[in-house]
Structures are given as C-alpha cells and as structure tokens.
Amino acid sequence: MDKYEVLYNLSLEVYKDRANSFQHIQEKATKYLTILTFLLGFSLYYIKWLIDKLPLEYVLIDWIMIAESAILVGSLIFTWFTILRILRVENFKVLPLDDEVLNFFLDNKQIDIYYTLAKGIKQSVETNNTNYNKKSGLLNLSYYLLTIDTILIILSLVLYTIKYFT
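The sections below set out a description of the structure shown in this document. These numbers come from a predicted model, not from an experiment.

**Topic: the packing of aromatic side chains**
The geometry of an aromatic ring pair is captured by the separation of the ring centres together with the interplanar angle, meaning the angle of the planes. Using the criterion set out here, one finds 8 aromatic pairs in the structure. Ring geometry for tyrosine 8 and tyrosine 114: centres 5.5 Å apart, planes at 40°, overall tilted. Taken together, the residues span a long stretch of sequence, with tyrosine 8 in helix α1 (residues 2–53) and tyrosine 114 in helix α4 (residues 110–165) at a distance of 106 residues. In this structure tyrosine 8 comes out as buried when scored by relative accessible area, which is 18%. By relative accessible area, tyrosine 114 is classed as buried at 14%. Considering the side-chain rings of tyrosine 46 and tryptophan 49, the 6.1 Å spacing of their centres and the 25° angle between planes classify their relative orientation as stacked. Here the residue tyrosine 46 and the residue tryptophan 49 both occupy positions in helix α1, the gap between them amounting to 3 residues, near one helical turn. Pairwise contacts between aromatic rings join Tyr46, Trp49, Tyr160, Tyr164 and Phe165 into one cluster.

Right, dumping it as structure tokens:
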C-alpha cells in the first residue's frame, strides 16, 4: 500500500507544480499586456503626430516613416491578440469532488483510492500540460513580438530625429 500512497503524493506534487507554472504564465502575460499598452499609446501618439506634420508633398523620409508606422501598428495589433490568447480563460482540469467521488471513498479500500486518485491526477496533468504548452509557446512568441515592437518604436524615434534635423 505504501507505494500507491507515494504515487498519489508524487502525482499531487506534479499537479500543484503545473498549477503554479500555469499561474506564472498568466502573470507574465499580464505584465506583457501592460508593456504593450504603453507601447501602443506611444505609437498612436506618434502616428497622430506623423499625420499632422507630414507635408502635402512627400519626400523619401516621409514615405519611410509612413511605411514603418504601418508595420509598427500591424505588429502591435498582432502582439495584442497574441497576448489576449494567453489570457483567455482555459479550464484548468481538477478532480471532481461530487457524490460519486464521496461514494467511491466509502466503497473502496485505501489502496484503491490512492491508485485511482493518482490515475485521475495523471489525466488532469496531461490535459493541463497541453494547455500549458500552448500558452507557454504563445508567451515566448509575445516576448519576441514585444522585442520587435520596441525595435520599431526606436526606429520611429530615429526617423523622427532624422526628419527633424534635415
């Protein structure tokens, strides 16, 4: 019976670890969303300025700034939707605690209870791992997209400086 108790305790620890990792991804995505909101605000202000200040006849730098701004907005929107996909509510699978489970405890030996619970936790962990891997991949993609967004904003500042001083 001891080995099934150890199996149950081990599976419970794995389940708790996965739940903590899942929560960590959600927290990081929330931080990324905060950063993205700042970048989006800055970009919209920059684009408004660009539209107000562009002359009627465009020179090469104006066309470059317009193209770069369009790419920036597209990138920011793509990043926004990627982060929102992470934050979308997913059901984190848990073991039910209903009358059927309570009756199972009453009708079975302790060894069977440990084994069945460990098996149920294993299935929950497998389902949760699928969701975790998907969200983890999206979080990595969001990080790279935020890096690209930041580079594009720096490029916007460089283009603005070039336009201002020429």
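**A short note on the nonpolar core**
By size, the foremost hydrophobic cluster in this structure holds 17 residues, and its most contacted members are Ile86 and Leu139. Put simply, the parts of the chain that give this core at least two residues each are α1, α2 (60–87) and α4. At 7 residues, α1 tops the list of elements feeding residues into this core. Discounting residues that sit within four places of it in the chain, leucine 139 has contacts with Ile25, Lys28, Ala29, Tyr32 and Ile86. Tyr8, Tyr114, Ala118 and Ile121 belong to the second largest nonpolar core, which has 8 residues in total.

**Notes on a nonpolar patch on the surface**
On the surface, Ile154, Leu155, Val158 and Ile162 cluster together into a nonpolar patch covering about 320 Å² of accessible area. With respect to the secondary-structure elements, leucine 155 resides in helix α4. A residue is classified by how much of its surface remains accessible, and leucine 155, at 36% relative accessible area, is partly exposed.

**Looking at the pattern of salt bridges**
This structure, assessed with the given rule, holds 3 salt bridges. The salt bridge involving aspartate 52 is made with lysine 48; its shortest N-O contact spans 2.9 Å. With a gap of 4 residues between them, aspartate 52 and lysine 48 both fall in helix α1, about one helical turn apart. The shortest N-O distance in the salt bridge between aspartate 62 and lysine 163 comes to 2.8 Å.

**Quick look at the layout of surface pockets**
Volume-wise, the largest pocket comes out at about 320 Å³. Taken together, 14 residues form the lining of the largest pocket, with Leu95, Pro96, Val101, Thr116 and Leu117 sitting closest to its centre. When residues of the lining of the largest pocket are traced back to their parent elements, those giving at least two are α3 (99–107) and α4. Here the element with the most residues in the lining of the largest pocket is α4; it accounts for 6 residues. Split by residue class, the lining of the largest pocket holds 7 nonpolar, 4 polar and 3 charged.

Cut-offs applied
- Residues numbered from 1 in each chain as written.
- Predicted model: local features only at pLDDT ≥ 70, side-chain atom pairs only at ≥ 80, totals over all residues.
- Heavy atoms only, no water.
- Phe/Tyr/Trp six-rings, centres within 6.5 Å; stacked < 30°, edge-to-face > 60°.
- Helix = DSSP H or I, 4+ residues; strand = E, 2+ residues; numbered from the N terminus.
- Buried < 20%, exposed > 50% of the residue type's maximum accessible area, 1.4 Å probe, protein only.
- Core = buried A, V, L, I, M, F, W, Y, C linked by side-chain atoms within 4.5 Å.
- Contact = heavy atoms within 4.5 Å.
- Patch = residues over 30% accessible without salt bridge, like charges linked within 9 Å, V, L, I, M, F, W, Y side chains within 5 Å.
- Areas by Shrake-Rupley, 256 points an atom, 1.4 Å probe, with all protein chains shown as cover.
- Salt bridge = Lys/Arg side-chain N within 4 Å of Asp/Glu carboxyl O.
- 1 Å grid on protein atoms, 1.4 Å probe; cavity = no way out; pocket = protein on both sides within 12 Å on 5 of 7 lines; lining within 4 Å.
- Points joined across faces, edges and corners; volume = space filled by probe spheres on them.
- Nonpolar A, V, L, I, M, F, W, Y, C, P; charged D, E, K, R; others polar.

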